[in-house]
Number of protein chains: 2
Amino acid sequence: MNENQRLESLLEALSSEQFDRVRALLSELHPAETADLLESLPPKARVKIWDLIEPEFEGDVLAHTQDAVRADLLEHMQPQEVAEATKDLETDDAADILQDLPEELVGSVLLSMDAQNRERVASILSYHEDTAGGLMNIDMIPVRADVTLDVVSRYLRQLGEIPEQTDSLIVVDRQNKYLGLLSLANLLTRKHAATVGETMTTEAGISADTSAHDVAKLFEQRDLISVPVIDHEGKLLGRITVDDVLDVIQEEAGHTVLSMAGLGEDDLFAPVLSSAKHRAVWLGINLLTAFLASWVIGRFEDTIQQLVALAVLMPIVASMGGVAGSQTLTLSIRGLALGQINKNNSRALMFKELAVGAFNGLIWACVVAVVAWLWFKDISLGVILGLAMIINLIVAALAGALIPLTLKRIGVDPAIAGGVLLTTVTDVVGFMTFLGLATLFLLPG
Amino acid sequence: MNENQRLESLLEALSSEQFDRVRALLSELHPAETADLLESLPPKARVKIWDLIEPEFEGDVLAHTQDAVRADLLEHMQPQEVAEATKDLETDDAADILQDLPEELVGSVLLSMDAQNRERVASILSYHEDTAGGLMNIDMIPVRADVTLDVVSRYLRQLGEIPEQTDSLIVVDRQNKYLGLLSLANLLTRKHAATVGETMTTEAGISADTSAHDVAKLFEQRDLISVPVIDHEGKLLGRITVDDVLDVIQEEAGHTVLSMAGLGEDDLFAPVLSSAKHRAVWLGINLLTAFLASWVIGRFEDTIQQLVALAVLMPIVASMGGVAGSQTLTLSIRGLALGQINKNNSRALMFKELAVGAFNGLIWACVVAVVAWLWFKDISLGVILGLAMIINLIVAALAGALIPLTLKRIGVDPAIAGGVLLTTVTDVVGFMTFLGLATLFLLPG
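Quantities reported herein were computed from a predicted structural model and do not represent experimental measurements. (Residues numbered from 1 in each chain as written. Chains lettered and ligands numbered in written order. Predicted model: local features only at pLDDT ≥ 70, side-chain atom pairs only at ≥ 80, totals over all residues.)

A.B. asks: Which residues make up the overall build of chain A, and what values do they have?
C.D. replies: Broken down by element type, chain A carries 22 helices and six strands. In terms of C-alpha radius of gyration, chain A reaches 30 Å, well past the compact-globule figure of 22 Å for 445 residues. Counting over 445 residues, chain A shows a buried share of 49%. (Helix = DSSP H or I, 4+ residues; strand = E, 2+ residues; numbered from the N terminus. Rg over C-alpha atoms; globule rule 2.2 N^0.38 Å. Buried ≥ 20, exposed ≤ 12 C-beta atoms within 10 Å, placed from the backbone.)

A.B. asks: Got a sec to walk through the relation of the copies chain A and chain B? Specific residues and values, please.
C.D. replies: Between chain A and chain B, which share one sequence, the superposing operator has a rotation angle of 180° and an axial displacement of 0.0 Å; the RMSD is 0.0 Å. In symmetry terms, the pair is related by a two-fold rotation axis. (Least-squares fit on C-alpha atoms with pLDDT ≥ 70 in both.)

A.B. asks: Requested: an account of the domain arrangement of chain A, with residues and values cited.
C.D. replies: Residues and elements named next belong to chain A. Domains assigned within chain A are domain 1 (3-131), domain 2 (142-260) and domain 3 (272-441). Each of domain 1 and domain 2 has a C-alpha centre, and the two are 28 Å apart. If you look at the interface, domain 1 gives four residues, while domain 2 gives six residues. For the side of domain 1 that touches domain 2, a count of residues per class yields one nonpolar, one polar and two charged. (Domains from an automatic or database assignment. Contact = placed C-beta atoms within 7 Å. Nonpolar A, V, L, I, M, F, W, Y, C, P; charged D, E, K, R; others polar.)

A.B. asks: How would you summarise the pairing of strand 3 (residues 178-183) of chain A if you had to cite specific residues and measurements?
C.D. replies: All names here are of chain A. The buried fraction of strand 3 is high, at six of six residues. Across five bridges, strand 2 (residues 168-172) lies against strand 3 in antiparallel orientation. Bridge assignment links Val-172 to a residue of strand 3, and that residue is Tyr-178. Counted between consecutive antiparallel strands, the loop separating strand 2 from strand 3 contains five residues, among which Asn-176 sits at a positive phi close to 65°. (Pairing = 2+ DSSP bridges.)

A.B. asks: Give me the lowdown on the interface of chain A and chain B, citing residues and values where you can.
C.D. replies: Across the contact, 100 residues belong to chain A and 98 residues belong to chain B. Looking at the side of chain A that touches chain B residue by residue, the classes come out as 55 nonpolar, 29 polar and 16 charged.

A.B. asks: Would you mind going over the sheet that holds strand 6 (residues 236-241) of chain B in detail, with residue names and values included?
C.D. replies: Residue and element names in this part refer to chain B. Spatially, 4-5-6 is the arrangement adopted by the three strands of the open sheet, whose pairing is mixed. Taken across any chain shown, the strands that pair with only one partner, and hence form the sheet edges, are strand 4 (206-207) and strand 6. Relative to strand 5 (residues 226-230), strand 4 runs parallel, the two being bridged by two bridges. The residue of strand 5 that forms the bridge with Ser-207 is Ile-230. Taken strand by strand, helix 16 (residues 242-260) contacts strand 5 and strand 6, and its axis lies near 65° from that of strand 6. (Axes fitted to C-alpha atoms, helices over the stretch in contact; angles between N-to-C directions.)

A.B. asks: Summarise the packing of helix 3 (residues 31-39) of chain B against helix 5 (residues 55-64) of chain B; cite the residues concerned and give the values.
C.D. replies: Two numbers describe a pair of packed helices, the interaxial angle and the distance between the axes. Residue and element names in this part refer to chain B. Axis separation between helix 3 and helix 5 bottoms out at 8 Å; the angle between their running directions is 65°. In terms of crossing hand, the pair formed by helix 3 and helix 5 is right-handed. Between helix 3, through Pro-31, Ala-32, Thr-34 and Ala-35, and helix 5, the contact on the second element is made entirely by Phe-57, Asp-60, Val-61 and His-64. Looking at the contact of helix 3 with helix 5 residue by residue, the class counts come to five nonpolar, two polar and one charged. (Left-handed = near helix turned anticlockwise from the far one by under 90°.)

A.B. asks: Go over the packing of helix 19 (residues 309-337) of chain B against helix 20 (residues 346-376) of chain B with me, naming the residues and quoting the values.
C.D. replies: Residues and elements named next belong to chain B. Remark: helix 19 packs on helix 20, axes separated minimally by 12 Å, with the N-to-C direction vectors making an angle of 160°. By the angle between their directions, the pair helix 19 and helix 20 is classed as roughly antiparallel. Handedness of the crossing formed by helix 19 with helix 20: right-handed. On helix 20, the residues that touch Ala-309, Leu-313, Ile-316, Met-320, Ala-324 and Thr-328 of helix 19 are Glu-353, Gly-357, Asn-360, Trp-364, Val-368, Ala-372 and Phe-376. The residue inventory of the contact of helix 19 with helix 20, partitioned by class, reads nine nonpolar, three polar and one charged. (Parallel < 35°, antiparallel > 145°, perpendicular 65-115°, else oblique.)

A.B. asks: Describe the sheet that holds strand 4 (residues 206-207) of chain A, and please don't skip the residues or the numbers.
C.D. replies: All names here are of chain A. Read from one edge to the other, the open sheet built from three strands follows the order 4-5-6, with strand pairing classed as mixed. Each having just a single partner strand, strand 4 and strand 6 (236-241) make up the two edges of the open sheet. Each of strand 5 (226-230) and strand 6 touches helix 16 (residues 242-260); the most contacted strand, strand 6, lies at about 65° to it.

A.B. asks: Describe in detail the pairing of strand 2 of chain A, supporting the description with residues and values.
C.D. replies: Residue and element names in this part refer to chain A. Strand 2 sits mainly inside the fold: five of its five residues count as buried. Burial along strand 2 is two-sided: Ser-168, Ile-170 and Val-172 and Leu-169 and Val-171, pointing in opposite directions, are all buried. Bridging between strand 1 (residues 142-143) and strand 2 involves two bridges; their strand directions are parallel. Paired with Pro-142 across the two strands is Ile-170, which belongs to strand 2. Handedness of the β-α-β unit built from strand 1, helix 12 (residues 149-159) and strand 2 comes out right-handed. (Right-handed = clockwise from strand over helix to strand, strands pointing away.)

A.B. asks: Can you lay out the environment of Val-143 of chain B for me, pointing to particular residues and giving the numbers?
C.D. replies: Residues and elements named next belong to chain B. Tracing the chain through its elements places Val-143 in strand 1 (residues 142-143). Taking the number of C-beta atoms within 10 Å as the measure of exposure, Val-143 has 21 and is therefore buried. Separated by 96 residues in the primary sequence, Val-143 and Arg-239 have C-alpha atoms spaced 14 Å apart. Sequence-distant contacts of Val-143, that is, excluding residues within four places in its chain, are made with Val-152, Leu-169, Val-171, Leu-182 and Val-196.

A.B. asks: Describe the nonpolar core, naming the residues involved and giving the relevant values.
C.D. replies: Grouped together as the largest cluster of nonpolar side chains are 276 residues, with contacts concentrated most on Met-320 and Leu-385 of chain A together with Met-320 and Leu-385 of chain B. For Leu-385 of chain B, the contacting residues outside a window of four places in its chain are Leu-313, Val-317, Val-368, Ala-369, Ala-372 and Phe-434 of chain B. (Core = buried A, V, L, I, M, F, W, Y, C linked by C-beta atoms within 7 Å.)

So this is what it looks like as structure tokens:
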């Protein structure tokens, strides 16, 4: 059975209330697949399926579920249940789930945990979710520098287990100060008699307040599997593993795409009212800018009255400006997000985008001029349309490059506010130049 | 020195032609940082810096550079140089670089390699870049099931080295058929006398023709570090490591953002002409749809002539439809990319989006109706504007949900074509309903 068939039989079983069959089908899924399934279900079916999942898998499933959907599921759980479900998870996953709980419930869940778990989870909760501290887990094996590899090997065999995603043991001194890494590869290939100190590599640990974004960048640049997290005194706090970094990258990427459309959450099936309310804000802001554009047009009512062709053609100027500008804007937002744009090259980027805008402005100005001329049999109308297009495409390039840079400088996410500001500029400038030029040069007298 | 300061002194040294200082500063950078630097430089400075990089690091830097920038750098290299630079890379990285070369040069580079390297690289080049085969590397350690862990340990110590990103040795039979994985963790914690066969886990390998997208999904779901790649007979071909999966996820994410703006490449500083040409296509397509909208407006020239307020207000209807529609579109495109939308839930999604659209249509229709009434002292104009807005927001929701589903079904990337189609619908429907309703109900007689 492939994924789709399995999903279909599951939904069929659910709608015909064959709950045993649903349970059987669910038990064949990996927790991550169950999480994907829950994300793709409308709220009602989602809750039904959730109730049929064996309690011992609930934690793993939650750990793999997106924030928005997870928050929805957590609403249906008692603090005791949440504590039970998160008990056997890695500490970072447990903390991650608790961060999606309403604040007043976090306390009760922590109280339902046994003392050791409580302390571990609380230590991570003290860091912000989007920092190295919030991403780290504390399941790791620290070793001392002065013992031999042979001793370490025997110690591991005695432990009988190594935490998942462990590529290195972490070398610390008596004060728990981070010294370096002993990779499993080196442990397996170097001489038994060598000491950990001789064998370890001394990569730098990262500070607990490093942003998740910078952590992800480091993993990408250095091809890491795990990295130790240290406090400001250099003491070992925990480690971050690549599986959590994958999630960071995936979320950041989604964040840009969604923000640019004014979407905040990521739940396909968020309740209608909450979706509508969230998007209403965005539409309201857009409405303000649309009215601003209308007001500009309104200044030229007399002109339009005398030459209705202007009303027919004016959306073209605004639309082309919007599209060209959003190309520059997208490139800039992405460049900023990847850290490729800085004050050393922003000027070069702006000039390049201006050149691209001018080039395309020229080409398409000729095309629209000819079309307008043939359509309305008026060569000067065509020329004015072409001129307005060139101006708007150059302004669009400028705005597309400057808006995100400025927003970034004043600490606003360019992905969120950039698009609305850009369209405001291209609409207003587009209508104003076209109608303004027409008023100056086309009207009799 | 932080990254920015380092970059500044580097650029300063470059512009004052202190090449020894540039070389010294470059030598302090990790190849990945050098790659980031090259990506953020305009073409001229980029080539200058590239010429100052020590030949032995060229390969590592290329391996960390984005496709578009890499292609630019490769243009400045001789086949012999490329062969030299890729010699010491992991096979998958070398193959990846060769895939960015013009086809006629790949042959000469392969010929400049020694026989063993040539064979290894060629074996990967035979798979498409975006499949498991194209992502895999062949640096791995296969072991037999019937030997003991003790023997494996001694063998590793004799080898003296384990390929990077190795979390498991791969168990194969005499015919090189893939049997299972022996994790380094198990090798270190289980009894010496146990055999590999008893200790190994039997995770499934993935087929060489699996898409890169599905490979990334598997890594995310299962928190993998590496996975074996097998052919259709179950024979071991290579393995994929998580560092390459990070790149896949990062590229896919960028691809969606860039495609939605009609951008193909990812090079901030692509030459003006090539950028302009690429974007001209997109602008040309948009121009066609803008003319279509204009043509619709043109059908109502007489109406506008009699009531110029219509020209003033009509962009509002189109703009709000475009924004609301692109919210639904973005959500759908992302849902499809993440595999969250399928034929079982697409109907539920559409109804939800329709409800959201209708809800927001109603709210903002009231607002625009009142504003238009107060502005133009004409209550029926306000009502018509509100009505057109409701209709366009409902149509926008429908289009935003149906367009990507339909494109996906016919095999077109919704991220590329979705936006243009959507705006065409919301512009045409917006202008047509507003001006049409006005013609029916507002004109005298």
